[in-house]
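Structural description and commentary
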Amino acid sequence: MKLVIAYDCIFPATTGGGERQYRAFAEEFADLGYEVEYLTAEQEIPREDLTFAVTTIAPRLRLYDDDGVRSSVAAVRFAWGLFRALRRRRGEDVAIVSGLPLLNVLAARAALLGSRTRLIIDYLEVWGRPQWVEYAGRAKGNLAWIVQRVALWATPTATCHSDLSARRLRSEGYRGKLLISPGLISGASNTVFSAEATTPPYALYAGRHIADKRVETIPAAVQVARRQIPELQLVILGSGPHTPIVAGAVEEVDDGWCSMPGFVDQQRLDELMAGAACLINPSRREGYGLVVVEAAGHGTPVVLVEHPGNAAIELVESGVNGHVASDDSPDALAEAIIRTVRGGSALRQSSREWFEHAIRHRTIGATVRAIARDIEGAS
């Protein structure tokens with residue numbers, strides 16, 4: 001079968017969760033014998049060792065504005081490229097199109113209307129109207145929510161990767177076929193398990209600095225935690241539109257115990273992840289939460305924050321692979337940090353055991369095989 005996967009980014013040219021997921025989809029479908037073509041925007045794409053074709057269908061895009069909000073201009077440009085590309089591929093058997101940005105859905109549906117190509121829309125996240133307004137402002141947020149409702153109406157088959165997304169798809173009006181994946185974890189692990197955290201202990205954040213990630217809440221929380229664990233340090237990786245805000249939060253509390261090295265290479269990231277006493281991710285918006293899994297692979301427990309838009313908390317078993325704070329206030333976050341750091345080697349061992357179970361039952365390979373069974377069953 002010929003299969004198209006469409007997303008405006010590809011790993012490792014960019015390193016987010018969606019990019020990793022869709023590249024893994026392409027590789028897994030290729031391993032199953034599908035002839036796979038990945039449609040994306042222009043970017044620096046290492047093409048060695050690829051088991052699938054990569055085609056650029058849009059120019060290089062600036063995906064986010066200065067506030068970290070997805071650019072409408074970039075969404076329109078990629079959707080137009082996707083429409084033209086799929087019009088030329090109406091003879092393909094299957095198209096799996098990311099529902100982010102939402103214009104992708106409308107472009108794909110219009111391009112394939114009347115063809116035999118099976119269209120599957122993969123929803124990384126689904127938002128209610130208030131969340132859209134908070135994210136993009138009243139005018140753009142309301143428009144995006146309307147576009148989402150139209151996109152859901154136009155979706156023949158949907159896939160998603162958390163119970164939160166599944167509930168939201170239904171509550172926002174989707175009534176079509178819905179495939180909920182068992183997980184998005186790599187089926188094999190070459191991560192190094194560290195039974196003990198590095199001394200002195202440090203908390204780690206790894207990711208982009210945007211509003212929804214709430215990175216600026218971490219320094220004050222670690223400062224409170226240091227009252228009981230005075231040797232605790234903090235390493236904040238990554239960068240983004242909110243980096244100046246994060247740096248300001250560090251300046252307010254830091255006395256030499258916090259570092260911000262920016263983005264680091266994969267080897268250094270693995271080293272820091274393995275040595276951390278805990279990984280803190282106070283994000284209020286996660287469609288899955290792959291960082292929870294990546295940390296557990298090293299035996300590193302996580303600290304997350306309870307929020308209606310945070311699907312990552314579905315992956316945390318309190319006292320097994322981390323703890324969930326009730327909110328992102330300094331005291332609430334600090335309490336979860338203290339409990340996690342003091343969990344020591346026992347919590348690290350149970351985090352790794354959680355990971356070993358997860359890579360047998362929640363893999364991206366199992367997700368792709370479930371989608372393939374549905375595709376082949378409908379053929």
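Everything below is about the structure printed above this text.
Now for a description of the structure that goes with this document. (Residues numbered from 1 in each chain as written. Predicted model: local features only at pLDDT ≥ 70, side-chain atom pairs only at ≥ 80, totals over all residues. Heavy atoms only, no water.)

Burial in helix α4 (residues 129–136) covers these residues: Gln 131, Trp 132 and Tyr 135. Looking straight down α4, one finds its buried side chains confined to an arc of 100°; they lie on one side. Every exposed residue of α4 that faces more than 90 degrees away from the buried side is listed here: Pro 130 and Glu 134. Elements that come into contact with the buried residues of α4 comprise α5 (138–153) and α6 (163–171). Phi turns positive one or two residues past the end of α4, at Gly 137, with a value near 90°. (Buried < 20%, exposed > 50% of the residue type's maximum accessible area, 1.4 Å probe, protein only. Helix = DSSP H or I, 4+ residues; strand = E, 2+ residues; numbered from the N terminus. Arc of directions from axis to C-beta. Contact = heavy atoms within 4.5 Å.)

What follows concerns the pattern of salt bridges. Per the stated rule, a full pass over the model turns up 16 salt bridges. Of the charged contacts, one joins Arg 70 and Asp 8 as a salt bridge, the two residues approaching to 2.6 Å between their closest N and O atoms. Here Arg 70 is found in the loop between β3 (53–58) and α2 (72–87), whereas its partner Asp 8 is found in the loop between β1 (2–6) and α1 (17–31), with 62 residues between them in sequence. Note on accessibility: Arg 70 and Asp 8 belong to one class, buried. A salt bridge links Arg 214 to Glu 216, with the shortest nitrogen-to-oxygen separation between them at 3.3 Å. Several salt bridges converge on common partners, so that one network encompasses Glu 125, Glu 134, Asp 212, Arg 284 and Arg 285. (Salt bridge = Lys/Arg side-chain N within 4 Å of Asp/Glu carboxyl O.)

Among the structural elements, Glu 251 can be located in helix α8 (residues 243–253). Given a relative accessible area of 66%, Glu 251 falls into the exposed group. Sequence separation between Glu 251 and Pro 219 is 32 residues, and the spatial gap between their C-alpha atoms is 9.0 Å.

This part is about the side chain of Ser 71. Note that Ser 71 resides in the loop between β3 and α2. A distance of 3.3 Å separates a polar side-chain atom of Ser 71 from the backbone nitrogen of Val 73. Not counting the four nearest positions on each side in its chain, Ser 71 is found in contact with Arg 62, Leu 63 and Tyr 64. (Polar contact = N/O pair within 3.5 Å; in protein donor to acceptor, adjacent residues only side chain to side chain.)

Time to look at the packing of aromatic side chains. If you walk through the whole model with that rule in mind, you get eight aromatic pairs. Look at Tyr 7 and Tyr 22: their rings are 4.8 Å apart centre to centre, the planes differ by 50°, and that puts the pair in the tilted class. With Tyr 7 in the loop between β1 and α1 and Tyr 22 in helix α1, this residue pair connects regions lying 15 residues apart in the sequence. The interplanar angle of 15° and the centroid separation of 5.7 Å between the aromatic rings of Trp 80 and Phe 83 together place this pair among those described as stacked. Residue Trp 80 and its partner Phe 83 are located together in helix α2, separated by three residues, close to a single helical turn. One aromatic cluster is present, formed by Tyr 7, Tyr 22 and Phe 25 through successive ring pairs. Here the basic side chain of Arg 208 rests over the ring of Tyr 64, its NZ or CZ set 4.3 Å away from the ring centre. (Phe/Tyr/Trp six-rings, centres within 6.5 Å; stacked < 30°, edge-to-face > 60°. Lys NZ or Arg CZ within 6 Å of the ring centre and 35° of its normal.)

Next up on the list: the sheet that holds strand β5 (residues 118–122). Spatial strand order, β3-β2-β1-β4-β5-β6-β7: seven strands in an open sheet with parallel pairing. This sheet does not close on itself; its edge strands, each paired only once, are β3 and β7 (177–180). Ignoring strand direction, the axes of neighbouring strands in this sheet form an average angle of 25°. Of the strand pairs in this sheet, strand β2 (residues 35–41) and β3 are connected by five bridges, and their pairing is parallel. Each residue of the ladder has a partner; that of Tyr 38, found in β3, is Val 54. (Pairing = 2+ DSSP bridges. Axes fitted to C-alpha atoms, helices over the stretch in contact; angles between N-to-C directions.)

A few words on the sheet that holds strand β9 (residues 233–237). What the six strands build is an open sheet, ordered β10-β9-β8-β11-β12-β13; its pairing is parallel. The strands lining the two open edges of the sheet, one partner per strand, are β10 (258–262) and β13 (322–325). Averaged over all pairs of adjacent strands, the angle between their axes in this sheet comes to 20°, without regard to strand direction. Examined bridge by bridge, β9 and β10 share three bridges and lie parallel to one another. Along β10, the bridge assignment pairs Leu 237 with Gly 262. This element, helix α7 (residues 218–225), spans β8 (202–205), β9 and β11 (278–281) of the sheet and lies at about 165° to β9. Docked against the sheet, helix α9 (residues 266–275) engages β8, β9 and β11, running at close to 135° with respect to β8.

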